[in-house]
Amino acid sequence: MRRYLAILIVILFASCKSRQDLLATSLLSKKGNYQAVIEIPAGTNAKVEYDKDLRLFSTSLRNGKERIIDFLAYPANYGFIPSTYSDPANGGDGDALDIMILSSTLQSGDIVEFIPIGMIKMIDAGEEDFKIIAIPARRELRTIQAENYQQLSKNYPGAQNILETWFSNYDLEDNTTIEGWGDEKEAIKEIERLRLKL
């Protein structure tokens, strides 16, 4: 059974293989909206990452084993904002900026236009780690009706609590602490700060 499941996972992620470099996807869509690439669909618990060299999605490894989150499944769609880079020379992690899109389940490899509505500020394994919180630009994909941080905190404080609780508990090998939240203006400022100058 395990072997069958492993083969199925390989086939599933191989089907998400992309010939283009998704990290180099434009930050903005033709409509002028920010774009994100989904790595981990909401409601799943495999720590899927985009491999920039192989240009495909696969479950990341820790100590030679696939990383499966031993907690609740991802409460939102997790991914990265292309054409951004968190420079290690400036305290970054060497990756594109992380994002969680509050919506129904999207698929690994989906490129989604989004509206930033906030930012959760964390310290993860001793390093600063900010996550942009967003909604899809397409209204039919939305599951909440908040278009900015004020609406999120006023109308959906439970969603904020869920995100904080999830990030504080999903990886017990890292010492993650929540430092607070930023509004949509801070989120946009962070995206633009890490925007690659092409």
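Residues numbered from 1 in each chain as written. Predicted model: local features only at pLDDT ≥ 70, side-chain atom pairs only at ≥ 80, totals over all residues. Heavy atoms only, no water.

A.B. asks: Summarise the packing of aromatic side chains; cite the residues concerned and give the values.
C.D. replies: Working definition: an aromatic ring pair is given by the centre-to-centre distance plus the angle between the planes. Applying the stated criterion across every chain yields a total of nine aromatic pairs. Seen from their ring centres, Y74 and W166 are 4.5 Å apart, and the 50 degrees between their planes marks the pair as tilted. Residue Y74 is found in the loop between β5 (65-66) and β6 (77-81), and its partner W166 is found in helix α3 (residues 157-169); the two are separated by 92 residues along the sequence. Accessibility assignment for this pair places Y74 and W166 in one class, buried. (Phe/Tyr/Trp six-rings, centres within 6.5 Å; stacked < 30°, edge-to-face > 60°. Helix = DSSP H or I, 4+ residues; strand = E, 2+ residues; numbered from the N terminus. Buried < 20%, exposed > 50% of the residue type's maximum accessible area, 1.4 Å probe, protein only.)

A.B. asks: For the layout of surface pockets, give the residues involved together with the corresponding values.
C.D. replies: Estimated volume of the largest pocket: approximately 730 Å³. What lines the largest pocket is a set of 34 residues, and nearest its centre among them are E49, D93, D95, A96 and D98. Taken together, the elements giving at least two residues each to the lining of the largest pocket come down to β2 (48-51), β6 and β9 (127-136). By residue number, the principal contributor to the lining of the largest pocket is β9, which donates four residues. Looking at the lining of the largest pocket residue by residue, the class counts come to twelve nonpolar, five polar and 17 charged. (1 Å grid on protein atoms, 1.4 Å probe; cavity = no way out; pocket = protein on both sides within 12 Å on 5 of 7 lines; lining within 4 Å. Points joined across faces, edges and corners; volume = space filled by probe spheres on them. Nonpolar A, V, L, I, M, F, W, Y, C, P; charged D, E, K, R; others polar.)

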